[in-house]
Structure formats: structure tokens, C-alpha cells
Amino acid sequence: MASTLRNIHGKRSNFQSEFTGNGGSKRRNLHDDTDQNVIGSEETVYRYLCPVKKTGSIIGKGGEIAKQIRSDTKSNMRINEALPGCEERVVTIYSTNEELNHFGDDGELVCPALDALFKVHDMVVADTDHDDGNDDDLGEKQTVTVRMLVPSDQIGCVIGKGGQVIQNLRNDTNAQIRVIKDHLPSCALTLSHDELLQIIGEPLVVREALYQVASLLHDNPSRFQHLLLSSSSSMHQPGAMLMSAALTSSHRNYAVRRDIADAREFCVCFICPAENVGGVIGKGGGFINQIRQETGATIRVNTSETDEDDCIIVISSKEFYEDQSPAVNAAIRLQQRCSEKVGKDANDLAISTRLLVSSSQIGCLIGKGGAVISEMRSVTRANIRILQKEDVPKIAREDEEMVQITGNPDAAMKALTQVILRLRANSFDMDHGLVLLPTSFPYIPQLTESSSKSKYAKRDDHSKLNSNSKRRNYVS
């Protein structure tokens, strides 16, 4: 892979001097934050878009493959949670430039992030080869596509003055290279004004073009990159759809051959005011059946386990971690109908959502010293409380605790999303360092018929319930 850019990862190349716009700033000798949850101004960052159905090839069972990539390359890697309705997941790869890795057949020295970028890319392409059943004897040329998100103040180094740099890249590599500013995927970020970089061609052609593009991005960091892992602000595109009519990822179209025995059941359990049950079910079961059909989740209204105030709504699905979750999808759509209206008047619209969570899982929502729950409160601006023992409604079992989310519908939905995605990652034994949670989803208003009543009985009498009932199966 001959290129005039080969020396740039030891010393900065002269190629960056061709870009003289006001965009991405040159590398500066500034102090870097060494916290791996923060991207420093001197670090190299790539955001590779991986098709949802290919993410299994870079995550592995329990995150094993992703952990191995991080270990082998000495880089950091975060894989965004799949956004409902989005066919790609953002893989954020970043590293300092203090240590260099040997790369390629000639052992060239490159920064760890570039090394990890190509490990990810090669795995995705290999997965594509397997999926398409390519056969060299057929004589057909394989075409691969690479898509990356790049902040608007950084993309100029790839385009160049008058488009000269990108045209040179096209001529040198014979790849189709485009910068797309409109119709971006919903995983793009608004704070950094993302643009989409797309490379199409034969595998070796794309690999060479990706190398040259990655080299340019290395030399021209974005001023926004410290925000790319931020969870303190709403960063996703406001115009994106919250839910799609059908899952974009399913067991049927998944590229990697997987054993269904490895799938796990994930469950969300709402405590629903008894008088809201009719709204959850809908006339003739129309609403609940629609959600079942559109999400693929199993939804059960456990009227056998109820008291005069509350009943249990159980939402579950058997799934693989790398897929979009039918249970998460359905839970977000049902939230308002399962919640209690607690606002004092029509101008003070607030809802209270209650979830039952196994005591064995509750720690992932609290964090060390309460760090996780504090972060979720800050991100979502909702009131999130964890109630235990005598403060839990008597409809709960002995091994369950209650998470209560209170806030306006938008804040409550963001909080529910954070809570159940953390529970899901914990259920799949995922390393929290590999998972980057979305900070928000666009709010879609839903009709609700909840009660203004705010009192419910505490758990002081379990005689009404069979504590050994199998209404839910928590993932251990």
C-alpha cells in the first residue's frame, strides 16, 4: 500500500498543509485528559458506521472480540447502542499518539486508533464476504462500502480548497469518495454538525482510500471531539424517527451464523395503575396487538397478579445483544400508557413510570458511590429513584426493587431509555466500557389515559401473591 502519507503517524505529514480552511485545527501541544471516557484534543478519533447486522463480528459473545481489539491495539473503542430505525451503529475508536503500533506487512508505525480502525474494517468486510458467498471463480468484482461520520470542522481536510484534495484521492485510489451533508443517519450528532464520508470500490481500493482519509483526519482533529463521548447533552438528530414499523435488524437477516441457544431473554416489567390497563390493551386488544406486531416483543398483562391499585405489564423478547431490542422498542412505546399522571394541572404535565428490577441487577443503575444514577439524572433531567424493601409496592416479589422515574414525558422517556439499556447491557454481561448509550431519543407524543392518583400500597403483605410465580425470567 504505497502512499506519500506513510510517515505521518510518527511525525505529522506535509499533506495537511494543502488544507488552509478555517475547519479542523492542527494538532496542538495541549494537555490531554487521560481519562478514557474523555477524548483529548491531541487524540486521534474515528467514527466508523457498522451495519447493525454486522456488529456481531466486531463485538463477539460477551464483547470478547471488541475487548481483544482494544487490548491488541492499545486503543479505546465504544460501540453505540443501536437506535431504533437506524440501520447502522457508530463505532467510536480513539487513542493517544504517544505510542505507535506496527501496521501492515512492512511493519509501518501508526497510531493505535488507526490500527484498531483497520481491524474493525477488515472484520466487517470479511463478514460481508461470508454473507455474500463470494467465489473467486465467478469472476465478479466485489464492491465494499465504508461510511464514517466526520465533524463539519474536520471534513475540510478531506475535501481541500476547491475540492482538490478529494479529487486527488479519487485519482490516486480509483475509489468513489463522497461527502454527504443531507439525509444523514439518525446516529449523526448535531453538536459537531456531522457530515457523512462514503468510500465505495473494490476491497483493496477502498482499503487504500480509507488509509489516506484516516491519515488526513489524524492530522486535522476536530474542535468538537471532546464532545463525542459526552453524555451531558442531547446530541442526536432531532428529526429522527423514534421507532420504525418493523425492526431493521432481525434474526432472519443477520449475517453471522448464530446458535439460537445463545440468545437471551430480556425483560422489562412495568407496574401499571390498574385503571390504565384498558388503555394499554386498547379496544378489542387493538393497541397491544399492534405493538406486538410492530416490535416483535411478547407483551403480557398479568391480571392474575394484581391488587386494587396496580397490575404488572411484562415485556420480553429473546434476542442477541448486537440486535436492536424488541423489548426496549415496545417498552418505550408503551411507557406513557403504563405511567401515572402526577402533574398538578394541565399545564404541569408530568408522569411517573415504575419498573420492577431484580435486586441482583440494581447495582448497574446505581454505580460506585451513586455515580451512574447521578449521571442519568443529569443527562435526562428526570427524577430517578430506587425504592427498596418496605417502600416497594406489595405487588412486587421479595427479590425485586422498584425504579421510579418522574418528569415531563420527554425527560421520562430519556430516563427510561437510559435505565433499560443499562439493564440490558448488564443482562448480557457487557463491559460498560464498550457500550456508549444514546443521550436522548426524539419525543413522539402518545395518548395516555393515566390516573392522577399518586398513592399506592406498600409491600407489607405478601399473602395475596405467590412468591414462586414465574411471571418473569430475569437473565442472570
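The rules behind these values
Each residue is numbered by its place in its chain's sequence as written, counting from 1. Local features are withheld for residues below a pLDDT of 70 in this predicted model, meaning they are given only at 70 or higher, and side-chain atom pairs are given and counted only at 80 or more; totals for whole chains, interfaces and linings count all residues. To get the side-chain values, take all heavy atoms of the structure and skip hydrogens and water. Secondary structure elements are defined from DSSP: runs of H or I of at least 4 residues count as helices, runs of E of at least 2 residues count as strands, and each element is numbered from the N terminus. Residue burial is assigned from relative accessible area. The probe radius is 1.4 Å, only protein chains are included, and a residue is buried under 20% of its type maximum, exposed over 50%, and partly exposed in between. Only heavy atoms enter the contact rule, under which two residues are in contact if any of them lie within 4.5 Å. Here, Shrake-Rupley sampling with a 1.4 Å probe gives the accessible areas, and only protein chains in the shown set may cover a residue. Whenever a carboxyl oxygen of Asp or Glu lies within 4 Å of a side-chain nitrogen of Lys or Arg, that contact is scored as a salt bridge. By definition here, a helix of n residues has an expected span of 1.5 Å times n minus one. Each polar contact in these results corresponds to two N or O atoms within 3.5 Å; when the atoms are within protein, one needs to be able to donate a hydrogen and the other to accept it, and residues that are neighboring in sequence are counted only if both atoms are side-chain atoms. Two strands pair if DSSP finds at least two bridges between them. The term nonpolar core refers to a set of buried residues drawn from Ala, Val, Leu, Ile, Met, Phe, Trp, Tyr and Cys, joined through side-chain atoms within 4.5 Å. Orientation is described by axes fitted as lines to C-alpha atoms, over the contacting stretch for helices, and by angles from 0 to 180 degrees between their N-to-C directions. An angle counts as roughly parallel when it lies under 35 degrees, as roughly antiparallel when it exceeds 145, as roughly perpendicular when it falls between 65 and 115, and as oblique in every other case. Left-handed describes a crossing in which the near helix is turned anticlockwise from the far one by less than a right angle; the clockwise case is right-handed. Under this grouping Gly is polar, as are all residues other than the nonpolar Ala, Val, Leu, Ile, Met, Phe, Trp, Tyr, Cys and Pro and the charged Asp, Glu, Lys and Arg. Side-chain rings of Phe, Tyr and Trp, where Trp is taken by its six-membered ring, are said to pair if the distance between their centres is within 6.5 Å; with planes under 30 degrees apart they count as stacked, over 60 as edge-to-face, and otherwise as tilted. Geometrically, a charge over a ring is one whose NZ (Lys) or CZ (Arg) sits within 6 Å of the ring centre while staying within 35 degrees of the ring normal. Every residue gets a pLDDT, meaning the predictor's confidence in that residue, from 0 to 100.

**Things to note about the overall build of the protein**
Scanning the protein for helices and strands turns up 12 helices and 16 strands. Split into buried and exposed, the 476 residues of the protein put 58% on the buried side. For the protein, restricting intrachain contacts to residue pairs at least 6 apart in sequence, the fraction spanning at least 24 positions comes to 76%. As displayed, the protein has an accessible area near 21,300 Å², and 47% of this comes from carbon and sulfur atoms.

**Here's the deal with the pattern of salt bridges**
Considering all chains together, one arrives at 12 salt bridges under this definition. Between Asp399 and Arg397 there is a salt bridge, with its nearest N and O atoms 3.6 Å apart. Relative accessible area serves as the criterion here: at 37%, Asp399 is assigned to the partly exposed category. The class for Arg397 is buried, based on a relative accessible area of 11%. Through salt bridges with shared partners, a single ionic network connects Arg397, Asp399 and Glu400.

**So, helix H12 (residues 409-427)**
Here H12 is 19 residues long and its end C-alpha atoms lie 26 Å apart, about the 27 Å a rise of 1.5 Å per residue gives. Most of H12 is tucked away: 17 of the 19 residues are buried. Between a side-chain oxygen at the N-terminus of H12 and the backbone nitrogen of Asp410 the separation is 3.0 Å; the capping residue is Asn408. A positive backbone phi angle near 60° is found at Asp429, which sits one or two residues after H12.

**Regarding the pairing of strand S9 (residues 264-273)**
Burial analysis of S9 places eight of its 10 residues in the buried class, the great majority of the element. With 10 bridges connecting them, S9 and strand S11 (residues 310-319) associate as antiparallel partners. Bridge assignment links Phe270 to a residue of S11, and that residue is Ile313. The pairing of S9 with strand S13 (residues 351-358) spans two bridges and is classified as antiparallel. Bridge assignment links Ile271 to a residue of S13, and that residue is Arg354.

**So, the nonpolar core**
Membership of the largest hydrophobic core comes to 48 residues, with the highest contact counts inside it found for Leu114 and Ile199. The next biggest cluster of nonpolar side chains, apart from the first, holds 43 residues, and it includes Ile299, Ile313, Val328 and Ala382.

**Quick word on the packing of helix H9 (residues 326-338) against H12**
With their axes 10 Å apart at the nearest point, H9 and H12 run at an angle of 150° to one another. Between H9 and H12, the interaxial angle falls into the category roughly antiparallel. When you trace H9 past H12, the crossing you get is right-handed. Here Val328, Ala331, Ile332, Gln335 and Gln336 of H9 come into contact with H12, specifically with Pro409, Ala412, Met413, Leu416, Thr417, Ile420, Leu421 and Arg424. For the contact of H9 with H12, the residue count by class is nine nonpolar, three polar and one charged.

**Some details on the packing of aromatic side chains**
This model, assessed by the stated rule, comprises three aromatic pairs. Measuring from centroid to centroid gives 6.0 Å for Phe103 and Tyr211, while their planes differ by 25°, and the two rings are stacked. Separated by 108 residues along the polypeptide, Phe103 in strand S4 (residues 101-103) and Tyr211 in helix H6 (residues 203-219) bring together distant segments of the chain. Of the two residues, Phe103 and Tyr211, neither departs from the other in class, the shared state being buried. Ring geometry for Phe118 against Tyr211: centres 6.2 Å apart, planes inclined by 50°, an arrangement best described as tilted. Placement of the pair is Phe118 in helix H3 (residues 112-132) and Tyr211 in helix H6, with a sequence separation of 93 residues. Take Phe118: its relative accessible area is 1%, and that puts it in the buried class. When its relative accessible area of 0% is taken as the criterion, Tyr211 is described as buried. The cationic tip of Arg337 hangs over the ring face of Phe287; the distance from NZ or CZ to the ring centre is 3.7 Å.

**Section: the confidence of the model for the protein**
Residue-level pLDDT values for the protein average 76, and 70% of them are 70 or greater. Contacts of residues 231-256 to residues separated by more than four positions or lying in other chains number 88 contacts, the stretch itself having pLDDT below 50.

**Observations regarding the pairing of strand S1 (residues 44-51)**
Where burial is concerned, most of S1 is hidden: seven out of the eight residues are buried. Of the strand pairs in this sheet, S1 and strand S3 (residues 88-95) are connected by eight bridges, and their pairing is antiparallel. Across the sheet, the residue bridging to Thr44 is Ser95, located in S3.

**Focus on unusual backbone geometry**
Within the chain, Lys74 stands out as a residue other than glycine whose phi angle is a positive 60°. Counting through the fold element by element, Lys74 comes out in the loop between helix H2 (64-73) and strand S2 (76-80). When its relative accessible area of 56% is taken as the criterion, Lys74 is described as exposed. Located in the positive-phi region is Asn174, a residue other than glycine, with phi close to 65°. With respect to the secondary-structure elements, Asn174 resides in the loop between helix H5 (164-173) and strand S7 (176-180). For Asn174, a relative accessible area of 64% puts it in the exposed group.

**Brief notes about the side chain of Arg147**
Along the polypeptide, Arg147 turns up in strand S6 (residues 144-151). Reaching out from Arg147, the side chain makes a polar contact with the side chain of Glu88 at a distance of 2.7 Å. Here the side chain of Arg147 touches Gln198 through a polar contact of 3.1 Å, side chain to side chain. Look past the residues within four positions of Arg147 in its chain and what remains in contact with it is Arg47, Tyr48, Leu49, Glu88, Pro185, Leu196, Leu197 and Gln198.

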